[in-house]
Amino acid sequence: MTTCDYEASLEGLPSAERRLWAAVVFRVIADLLFPGTNLEPAARRRALTWLTTASGDLAIDRRLACTFAGIDGDLLRNRIVAILDGDVPFDYFPGVRNTDAALQEARAMWRAQQRTPAPKPVSRVAEPAAKSIVLPKVAVANPPFEDDPFFVGNSGHILAARSWTDGEVSLILGPLPPRNSNLGKTLWAITQKSRVGQNALIYFGERDALVRGLADALPTCDVCWVLRGERLPAHKLGASLRVYPKQVAQAAK
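Remember, predicted model here, so these are calculated numbers, not experimental data. Here the residue numbers are simple positions, counted from 1 along each chain's written sequence. Thresholds applied to this predicted model are a pLDDT of at least 70 for local features of residues and 80 or more for the giving and counting of side-chain atom pairs; totals over whole chains, interfaces and linings are not thresholded and use all residues. Hydrogens and water are ignored here; the side-chain numbers use all heavy atoms of the structure.

(A) Quick look at the environment of Pro245. Within the element layout of this structure, Pro245 appears in strand E7 (residues 240-245). Considered as a pair, Pro245 and Leu218 are 27 residues apart in the sequence and their alpha carbons are 9.2 Å apart. Here, residues are in contact when the closest pair of their heavy atoms is within 4.5 Å. If we ignore the near neighbours within four places in the chain, the residues touching Pro245 are Val152, Gly156, Ile158, Ile172, Thr220 and Cys221. A run of H or I in DSSP counts as a helix once it spans at least four residues, and a run of E counts as a strand once it spans at least two, with each numbered from the N terminus.

Quick look at the structure:
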């Protein structure tokens, strides 16, 4: 089971799986805000860090778990922080009874953690409305030379025949980024037949920075988000990233 299998299109995630992920997230919240009598202090500190970290590996882990549960991971963090800061009452979990002592302990842990500078809350930026761009479809092309690692697939995007060595040049793409760099790993992933969406890109770097970097590194190509066969000017939920050769599209006009 891979990240790609659960790329943030929640319609395809079985309800039982979503309930399981929701239970995992709720368990961490419970460890922090209404712990059992046998819970170790270290477990509560881990729960606090997982819920409130704004960046890094733990923040990525929280966002993934929340995505699978159908929850916004950054919004959950901001609400937990608001509770710990006392800016809002503790009424986000209906039906759960909590002692004031446990809440005050959690707030004291939060204040202690704040003594060292921490990243600011993640701000949410609305994505631009995605409009479909109609581009000509091209016929399947075979690799121009046997040792060229890329060729054009059925939908006009680049497929990889094999991996490449650092510094290798493809006749279609031009000079390639180093194979083991973040851009190289991203390019290799999105030139396979399997779908690669925004959650898979988390492991290579920040989504929009990777797209811009690939576009700059491959000036003869269009780096596009695609959803159900339509190329989009910006990311949309459930879309996958593809690379299209500009010269092939122009030749098809």
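(B) Region of interest: the pairing of strand E5 (residues 221-227). We call a residue buried when its accessible area falls under 20% of the maximum for its residue type, exposed when it is over 50%, and partly exposed in between, using a 1.4 Å probe and counting protein chains only. With respect to burial, E5 is a largely interior element, six of its seven residues being buried. Two elements, E5 and E7, share six bridges in a ladder whose sense is antiparallel. Along E7, the bridge assignment pairs Asp222 with Tyr244. Bridge count for E5 against strand E6 (residues 230-232) is three bridges, and the pairing is antiparallel. Within E6, the position partnered with Val226 by the bridge is Arg231. The hairpin formed by E5 and E6 contains two residues between the paired strands, and Arg228 there has a positive phi angle of roughly 50°. Here, a strand pair is defined by DSSP locating no fewer than two bridges between the strands.

(C) Just the packing of aromatic side chains, in detail. A pair of Phe, Tyr and Trp rings is counted when the ring centres sit within 6.5 Å of each other, with Trp represented by its six-membered ring. The angle between the planes then sorts it: under 30 degrees is stacked, over 60 is edge-to-face, the rest tilted. This structure, assessed with the given rule, holds one aromatic pair. For Arg231, the ring lying beneath its charged end belongs to Tyr244, and the centroid distance is 3.5 Å. Working rule: Lys NZ or Arg CZ, within 6 Å of ring centre, within 35 degrees of ring normal, means a charge sits over the ring.

(D) Structural detail: the sheet that holds E7. Ordered by their spatial adjacency, three strands build an open sheet running E6-E5-E7, and the pairing between neighbours is antiparallel. The sheet is open, and its two edges are formed by E6 and E7, each paired on a single side. Taking the axes of each pair of neighbouring strands and ignoring which way they run, one obtains an average angle of 50° across the sheet. Helix H8 (residues 207-217) rests against E5 and E7 of the sheet, and its axis sits at about 145° to E5. For helices, the fitted line uses only the C-alpha atoms of the stretch in contact; every axis is such a line through C-alpha atoms, and the angle between N-to-C directions lies from 0 to 180 degrees.

(E) Broad picture of the state of the cysteines. Two cysteine sulfurs form a disulfide in these notes if their separation is within 2.5 Å. Scanning all chains against the criterion turns up zero disulfides. The thiol sulfur of Cys224 is not disulfide-bonded, and the nearest other cysteine sulfur, from Cys221, lies at 10.0 Å.

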